[in-house]
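Residues per chain, in single letters:
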Amino acid sequence: MSGLPASAPVVVIGAGCIGTSIAYELGRRGVKGVVVVEKELFAGTGSTAKAAGGIRAQFSTPHNVRLSMMSVARFKTFAEEMDTDPVFFPVGYLFLLGEPEAWATFQRQVDMQRSLGLPVRTLTPAEAKGIVPELNVDDLLGATFCLDDGLGDPDGVTQAYVAQARRLGATFLFGEAATGLVMEGSRVTGVRTASGTIATPMVVNAAGPYAREIAAWAGVDLPVVPVRRHCFVTEPLPMARKDLPMIVDMTTGVYMHRESGGLLLGYANPEEPAGFNL
């Protein structure tokens, strides 16, 4: 228990990109002594490490568009603010539409997105091929493209938050799994770990796919369900240029972007059962 503080103003459970960003933002607002407990040995080794890194504002609801535009604006200044290497690469998002109903829906969404100030373009199949000449566009009806969207570096973001949160007084306890909460009535008063208990008046649940388990310790049923997704990385390919956009084929659900000289391709199996199978 030598490294376990007896108390903290806030304990954050989980050191992914969300937990680390919360620790930083609390420190930036003057909260000293925030403690982050993480069962893994490093920050960002859970869902953050498995993220495809896409950053976009092309969403179907005004709320998500506005939130994402705020996020993109922050990512554009992130490297300077956090004193780190660039973590955002605005190469654009290219959505490919091959079904009439989906194409009509996306065109309506573009009208909404433009009304909020997002510079989205609708493209003909030929124009989409002009952006990515390797595309087979014979079965396309159209595409949408926004150059403000792009790719992020999940690990770079997370490690920058860790460094700056530490500078502001946060403590990170790696290899220290939370095992339960101390409750007084309906209030949380501490976090239990394998090494002991940290007294605290406030706990932030940033446990990602494990958030439901953490919430249950406080008697809360949080509807978070983990579902495995699939990513594949190819060998180096000539088409994996630095300016290659994120490409999403809405007919199949397959997406792809440049990664380590090749392509990262992702797919969500609709038959995948919920669970922690990796």
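Data block above holds the structure.
A.B. asks: Whenever I open this one, the side chain of Glu38 confuses me. Can you help?
C.D. replies: By the secondary structure assignment, Glu38 is in strand S2 (residues 35-38). Put simply, Glu38 is tucked away with no salt bridge, and the nearest opposite charge, on Lys39, sits 6.6 Å away. Reaching out from Glu38, the side chain makes a polar contact with the backbone nitrogen of Glu40 at a distance of 2.9 Å. In contact with Glu38, other than residues within four places in its own chain, are Gly14, Ala15, Gly16, Leu173, Phe174, Gly175, Glu176 and Ala177.

A.B. asks: Is there a simple way to think about the pairing of S2 in this case?
C.D. replies: Within a regular beta strand, the side chains point alternately toward one face of the sheet and then the other, so they alternate between its two faces. Here S2 shows two buried faces, one formed by Val35 and Val37 and the other by Val36 and Glu38. Of the pairings in the sheet, the one linking strand S1 (residues 11-13) to S2 comprises three bridges and is parallel in character. The residue bridging Ile13 from the neighbouring strand is Val37, located in S2. Running through helix H1 (residues 17-28), the crossover from S1 to the neighbouring parallel element S2 is right-handed. Taken together, the four bridges between S2 and strand S9 (residues 171-174) define a ladder with parallel strand orientation. Each residue of the ladder has a partner; that of Glu38, found in S9, is Phe174.

A.B. asks: Mind showing me how you'd approach the packing of H1 against helix H6 (residues 154-167) here?
C.D. replies: A packed helix pair is summarised by two numbers, namely the angle formed by the two axes and the spacing between the axes. In contact at an axis separation of 8 Å, H1 and H6 are set at 30° when each is read in the N-to-C sense. Looking at the two axes, H1 sits roughly parallel to H6. The two elements H1 and H6 cross, and the hand of that crossing is left-handed. Contacts between H1 and H6 involve Cys17, Thr20, Ser21, Ala23 and Tyr24 from the former and Thr158, Tyr161, Val162, Gln164 and Ala165 from the latter.

A.B. asks: I would appreciate a short explanation of the sheet that holds S9 in the present structure.
C.D. replies: In sheet architecture, strand pairing relies on hydrogen bonds along the backbone and comes in two forms, parallel and antiparallel. Pairing is parallel in the open sheet, where four strands are placed in the order S9-S2-S1-S13. A single partner strand is all that each edge strand has here, and the edge strands are S9 and strand S13 (203-205). Strand after strand, the sheet turns through a mean of 20° between neighbouring axes, direction not considered.

A.B. asks: Help me understand the nonpolar core in this model?
C.D. replies: Side chains of nonpolar character tend, in soluble globular proteins, to be buried together. Counting 22 residues, the largest nonpolar core has Val12, Ala23, Val34, Phe78 and Phe172 as its most contacted members. Breaking this core down by element, the ones donating at least two residues are H1, helix H3 (62-82) and H6. Of the residues forming this core, the biggest block, five residues, is contributed by H6. What Val12 contacts, discounting residues up to four positions off in sequence, is Gly19, Ile22, Val34, Val35, Val36, Val37, Val204 and Ala206.

Definitions and cut-offs
The numbering scheme is per chain: residues are counted from 1 as the chain's sequence reads. In keeping with the model being predicted, local features are shown solely for residues with a pLDDT of at least 70 and side-chain atom pairs are shown and tallied solely at 80 or more, while totals for entire chains, interfaces and linings include all residues. Side-chain descriptors were evaluated using all non-hydrogen atoms of the structure, hydrogens and water having been removed beforehand. By the criteria applied, helices consist of DSSP H or I runs no shorter than four residues and strands consist of E runs no shorter than two, each listed in order from the N terminus. Partly exposed describes any residue whose relative accessible area lies between the buried limit of under 20% and the exposed limit of over 50%, with all areas from a 1.4 Å probe on protein chains only and scaled to the type maximum. The charge count includes Lys and Arg as positive and Asp and Glu as negative, but it does not include His or the ends of the chains. We count a salt bridge whenever a side-chain nitrogen from Lys or Arg sits within 4 Å of a carboxyl oxygen from Asp or Glu. The term polar contact refers here to a pair of N or O atoms within 3.5 Å; inside protein, the definition further demands a hydrogen-donor-capable atom paired with an acceptor-capable atom, and it admits residues adjacent in sequence only when both atoms are side-chain atoms. Note on contacts: a residue pair qualifies if any of its non-hydrogen atoms lie within 4.5 Å across the two residues. The pairing criterion for strands is at least two bridges between them, as found by DSSP. Seen with the strands pointing away from the viewer, any crossover whose path from the first strand over the helix to the second strand runs clockwise is right-handed. Every axis in this analysis is a line fitted to C-alpha atoms, fitted for helices over the stretch in contact. Angles between the N-to-C directions lie between 0 and 180 degrees. Angles are sorted into four bins: roughly parallel if under 35 degrees, roughly antiparallel if over 145, roughly perpendicular if 65 to 115, and oblique for all others. In a left-handed crossing the near helix is turned counterclockwise from the far helix by less than a right angle, and in a right-handed crossing that turn is clockwise. In this description, a nonpolar core means a group of buried Ala, Val, Leu, Ile, Met, Phe, Trp, Tyr and Cys residues linked to one another through side-chain atoms lying within 4.5 Å.

All quantities given are derived from atomic positions and should not be read as evidence of function.
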